[in-house]
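Observations on the three-dimensional arrangement
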Amino acid sequence: MKIESLPVIEGKHNLANYEETCKSFDWKDVEKEFSWHTTGLVNMAYEAVDRHAETFRKNKVALYYKDKNRNEKYTYKDMKELSNKAANVLKGYGDIEKGDRVFIFMPRSPELYFAVLGAIKLGAIVGPLFEAFMEGAVRDRLEDSGAKVIVTTPELLERVPKDLPELKYIFLVGDGIEEDDRTIDFKKKFENADKNLKIEWVDRQDGLILHYTSGSTGKPKGVLHVHNAMIQHYQTAKWVLDLQEEDIYWCTADPGWVTGTSYGIFGPWLLGGSNVIVGGRFSPETWYSVIEEFGITVWYSAPTAFRMLMGAGNEIVKKYDLSSLRHVLSVGEPLNPEVVKWGMKVFNKRIHDTYWMTETGAQLICNFPCMPIKPGSMGKAIPGVTAAIVDDRGEELPPYRMGNLAIQKGWPAMMHTIWNNREKYESYFMPGGWYLTGDSAYMDEDGYFWFQGRVDDVIMTSGERVGPFEVESKLVEHPAVAEAGVIGKPDPVRGEIIKAFVALRDGYEATDELKEEIRQFVKKGLAAHAAPREIDFRDKLPKTRSGKIMRRVLKAWELDLPTGDLSTMED
Ligand code: 6R9
């Protein structure tokens, strides 16, 4: 089976010789790029910001920020001082010390980045929360992690639970804040804060960031990453993002998701890059105009976004000058070959798919700038990473056999643990040192990996991972809902949409109004992206004899597929 591949686009690229590098590469050598190689003193924020402020990059723009009200830029020197100030505020008024959990729950803004870097400078563990989370989702995360401080805005304050004993301080970023014992005006304190700081040096294996993500069962789990991850953030930003000194880089992901931190904060800044951050909502016009206005050269986005742009048509593309683009990348869901072809047509650029996940902390399988792309494939394992397809006993399978996509333990950005749940952490690994991704795939004879699907029931909607169990739990909190089963239904733009099957309690009538009410209930309780787009009422849901909803059967009904073995189903 030979698939026509897209040739390499000429130019100067990092990782020009993949095969050779695979043979000779050792992660240990990357350590020499960091100051701690000689000093022994580690801190991600120092490596990402302060270090550059002491070099020729001092006056280089580190952050361009734009939304509908603001258009600002900050040099590395500015970033150093402003993150120092944020650290002094968090320390002085939030009593933050090494290891404390500091949650950041706000829309993208420069202050968000100052606060994240400031907290890291204190050795705190940052928990970034996507601004669309509603109270239930915020509560689960603050409670599980025992957060001491949250930095938020007056608009989002009502979604912050006030009854958590461990949550000592709430910093509000806004105007006209009324302070009390617990509520602190961030901006006012920030203005007067000292711009000098003694950084807290930590161990490479100390906590850095806590990203909550969904699995197929249970509440979202806290994936803890440590400072050591910088080794891989740095190296992949170089090889895969292919960042060069003069690049202007734009990652469209919000820091509430792992892409928005690993490659929206750490990777580009570790390399001393110029990072464009855009606030506000997606629209094709704004996105294309950002590329034109900033002269974006390297662009990291996601299939859903590309499909939305594709849906907006090719006429609108002609209104913008997109000629600055040099390198385009994608992550988060399968990148359809049509989208890759569309990218060739409208940008005259190949879209480079990359594969990894929250737990892996950094990219693993990628299409490097220097290799032929087979549209539909996620690419090859990066040097220093061993990926394979294994069966359920951990035995490697030959090319073209579909199985579990697994990674050999030992890459530097791998999660350190699951917060409060060592057992869950251990469940990721199988004999032979394999980490199980939860995805199924096959590998071809050239070592390219082809994504086939999730092994579990996790839903990927617009690139966001949603656990069906979380949505089901919220649904059954609604007084009308007796039982609920949730599946991902294939969708041409969003990849999948959330579809819920609901059995109502006696006395409730199955009306469209009730559907909408239930939808809103999930939206307000969890988050907009977790609310089912479709709800079907059923008298009864398929269950196992032990009472588990059989999502597999729901999916088969929905897609008109064979239901498979029903021997465990109750009558
Ligand atoms: C970084 C990120 C991880 C899951 C992963 C897989 C899916 C990610 C993909 C892809 C097909 C790709 N996924 N990249 N599927 N092709 N290039 O997305 O992290 O939110 O944890 O999602 O996303 O199913 O297991 P996260």
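Residues numbered from 1 in each chain as written. Predicted model: local features only at pLDDT ≥ 70, side-chain atom pairs only at ≥ 80, totals over all residues. Heavy atoms only, no water.

When its secondary structure is counted, the protein chain shows 17 helices and 27 strands. Over its C-alpha trace the protein chain gives a radius of gyration of 24 Å, about what one expects of a compact globule, namely 25 Å for 571 residues. Each principal axis of the C-alpha atoms in the protein chain carries an extent, and together these give about 70 × 65 × 55 Å. The proportion of buried residues among the 571 residues of the protein chain is 61%. Restricting the contact set of the protein chain to residue pairs at least 6 apart, pairs at least 24 apart contribute 67%. Both charge centroids of the protein chain, one from 73 positive and one from 86 negative side chains, sit 2 Å from each other. (Helix = DSSP H or I, 4+ residues; strand = E, 2+ residues; numbered from the N terminus. Rg over C-alpha atoms; globule rule 2.2 N^0.38 Å. Buried < 20%, exposed > 50% of the residue type's maximum accessible area, 1.4 Å probe, protein only. Contact = heavy atoms within 4.5 Å. Lys, Arg positive; Asp, Glu negative; His and termini not counted. Charge placed at Lys NZ, Arg CZ, Asp CG, Glu CD.)

Right, let's talk about the site of the ligand for a bit. Inspection of the region around the ligand gives 18 residues, with T358, D439, R454, M460 and R465 positioned closest. Within the backbone of T354, a nitrogen or oxygen atom sits 2.8 Å from a nitrogen atom of the ligand. The side chain of T358 places a nitrogen or oxygen atom 2.5 Å from an oxygen atom of the ligand. Here the ligand loses 96% of its free accessible area of 540 Å² to cover by the protein chains. Listed by contribution, the elements that provide at least two residues to the shell around the ligand are α10 (258-270), β14 (351-355) and β22 (449-454). Here the shell around the ligand gets 3 residues from one element, more than from any other, and that element is β14. (Near = heavy atom within 4 Å. Polar contact = N/O pair within 3.5 Å; in protein donor to acceptor, adjacent residues only side chain to side chain. Areas by Shrake-Rupley, 256 points an atom, 1.4 Å probe, with all protein chains shown as cover.)

One finds M79, I104, V151, W269, Y300 and F368 to be the most contacted residues of the largest nonpolar core, which totals 110 residues. Considering each element in turn, this core owes the most residues, 8 residues, to helix α6 (residues 110-121). L325, L335, I351 and I373 belong to the second largest nonpolar core, which has 31 residues in total. (Core = buried A, V, L, I, M, F, W, Y, C linked by side-chain atoms within 4.5 Å.)

Counting through the fold element by element, K60 comes out in the loop between α4 (44-53) and β1 (61-66). Accessibility expressed as a relative area gives 15% for K60, which makes it buried. There is a polar contact of 2.8 Å between the side chain of K60 and the backbone oxygen of G272. When near neighbours in sequence (up to four residues on either side) are disregarded, K60 contacts Y74, T75, Y76, E245, G272, G273 and S274.

So, on to the packing of aromatic side chains. For the structure shown, the criterion picks out 32 aromatic pairs. Taken together, a centroid distance of 4.9 Å and an interplanar angle of 80° make the contact between F25 and W27 edge-to-face. In this pair, the class of F25 matches that of W27, namely buried. Seen in terms of ring centroids, Y442 and W450 are 6.2 Å apart; in terms of plane orientation they differ by 10°. Their pairing is stacked. Here the guanidinium or amino end of K189 rests over the ring plane of Y93, the centre of that ring lying 5.0 Å away. (Phe/Tyr/Trp six-rings, centres within 6.5 Å; stacked < 30°, edge-to-face > 60°. Lys NZ or Arg CZ within 6 Å of the ring centre and 35° of its normal.)

As assigned here, the protein chain comprises domain 1 (76-225) and domain 2 (459-570). The C-alpha-based centres of domain 1 and domain 2 are spaced at 34 Å. On the domain 2 side, the residues contacting the 16 residues of domain 1 number 14 residues. Summing both sides of the interface, domain 1 and domain 2 together bury roughly 990 Å²; the carbon and sulfur share of this comes to 51%. Linking domain 1 to domain 2 there are 0 salt bridges. Where domain 1 touches domain 2, the interface holds 6 residue pairs in polar contact (both at pLDDT 80 or more). The element that contributes the greatest number of residues to the side of domain 1 that touches domain 2 is helix α7 (residues 135-145), accounting for 4 residues. (Domains from an automatic or database assignment. Buried area = accessible area lost by both parts, 1.4 Å probe. Salt bridge = Lys/Arg side-chain N within 4 Å of Asp/Glu carboxyl O.)

It is worth spelling out the sheet that holds strand β15 (residues 365-366) at this point. The strand order β2-β1-β11-β10-β12-β13-β14-β15-β16 describes an open sheet built from 9 strands, whose pairing is mixed. The strands lining the two open edges of the sheet, one partner per strand, are β2 (71-75) and β16 (380-381). Here strand β13 (residues 327-331) runs beside β14; their pairing, made up of 4 bridges, is parallel. The residue of β14 that forms the bridge with S330 is D353. Those strands touched by helix α11 (residues 284-294) are β1, β2, β10 (248-251), β11 (274-278) and β12 (298-301), and its axis lies near 160° from that of β10. Contacts between helix α12 (residues 303-311) and the sheet are confined to β12, β13 and β14, with β13 contributing the most and set at about 115° to the helix. (Pairing = 2+ DSSP bridges. Axes fitted to C-alpha atoms, helices over the stretch in contact; angles between N-to-C directions.)

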